[in-house]
Amino acid sequence: MKIFLASQARHPRTIKQIIKFIGGNIKNKKIIYIPTAMNGNYFGYWKYSKTIQIFKKLSESVDIVELENYQIINIRKKIINADIIWVAGGMTGYLLYWIRRSGFDKIILEALKKGITYIGSSAGSMALSKTQFASEWFIGEEEPGASLLPGLGLIDFKIYPHFQAKLLPKIKKLWRHGELYLLKDGEAITITDNKIKIIGKKRIIKK
């Protein structure tokens, strides 16, 4: 199992880390880019992001898969034949709704067993936790009801992306239970065969 969980995957430092994690050769890798979380703002919002342009420079094969279109396209076929699954940031609750509705929650387990690499950015990282309380009260981008949707449960800790030191007192007050990893943009967590590595400074709130 190979998982790369970033605060902001398009950050210049993170791009370098991703290339290193993949093995240095990403140009010929087939990337499935899932922008669904960004559609939580409004459908098609991802098209105005610079992220997709960055990906197209990284790889000669980038395929866009919006989970909302699961009845139109064969999502499983596309994902299982990819090298990298890249899940963008945005609204975690919205993303998880479509993860369940489209069957992506089962497809990704099959993909990881096959050796396909999962790369998450912000919401795409948070969605791997079992519970989504941090998504619900995420400071400045609150998402009421996000905690009602179960996460993928592939990691036993939670992630708070885009962390800023000035937010720490409020985060400590809001956090209730478990381990919360605080990631600044440019930082990430990698998981390789259940071995966890933090890229950046280690900041964990435990309750």
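In short, a report on the structure. A quick note: this is a predicted structure, and the numbers were derived from the prediction, not measured. (Residues numbered from 1 in each chain as written. Predicted model: local features only at pLDDT ≥ 70, side-chain atom pairs only at ≥ 80, totals over all residues. Heavy atoms only, no water.)

It is worth spelling out unusual backbone geometry at this point. Positive phi is not limited to glycine here, since Asp 193 has a value of about 50°. Here Asp 193 shows up in the loop between strand 8 (188–192) and strand 9 (195–199). A relative accessible area of 57% places Asp 193 in the exposed class. (Helix = DSSP H or I, 4+ residues; strand = E, 2+ residues; numbered from the N terminus. Buried < 20%, exposed > 50% of the residue type's maximum accessible area, 1.4 Å probe, protein only.)

In terms of nonpolar packing, the biggest core is built from 35 residues, with Ile 34, Leu 67, Ile 79, Ile 85, Phe 104 and Tyr 118 touching the most fellow members. Residue assignment for this core shows that the elements contributing at least two residues are strand 1 (2–6), strand 2 (30–34), helix 3 (75–80), strand 4 (84–87), helix 4 (92–102), helix 5 (104–114) and strand 8. Tallying contributions element by element places helix 5 first for this core, with five residues. Discounting chain neighbours no more than four positions away, the residues touching Tyr 118 are Lys 2, Ile 3, Phe 4, Leu 5, Ile 85, Val 87, Phe 104, Ile 108, Leu 112, Gly 124 and Leu 128. Among the nonpolar cores identified, the runner-up in size contains 21 residues, and Ala 6, Ala 9, Ile 18 and Ile 26 belong to it. (Core = buried A, V, L, I, M, F, W, Y, C linked by side-chain atoms within 4.5 Å. Contact = heavy atoms within 4.5 Å.)

This paragraph deals with the environment of Ile 205. Tracing the sequence through the fold places Ile 205 in strand 10 (residues 204–206). With 107 residues separating them in the primary sequence, Ile 205 and Trp 98 have C-alpha atoms 29 Å apart. Among residues more than four places away in sequence, those in contact with Ile 205 are Leu 168, Ile 171, Lys 172, Trp 175, Gly 178, Glu 179, Leu 180 and Leu 182.

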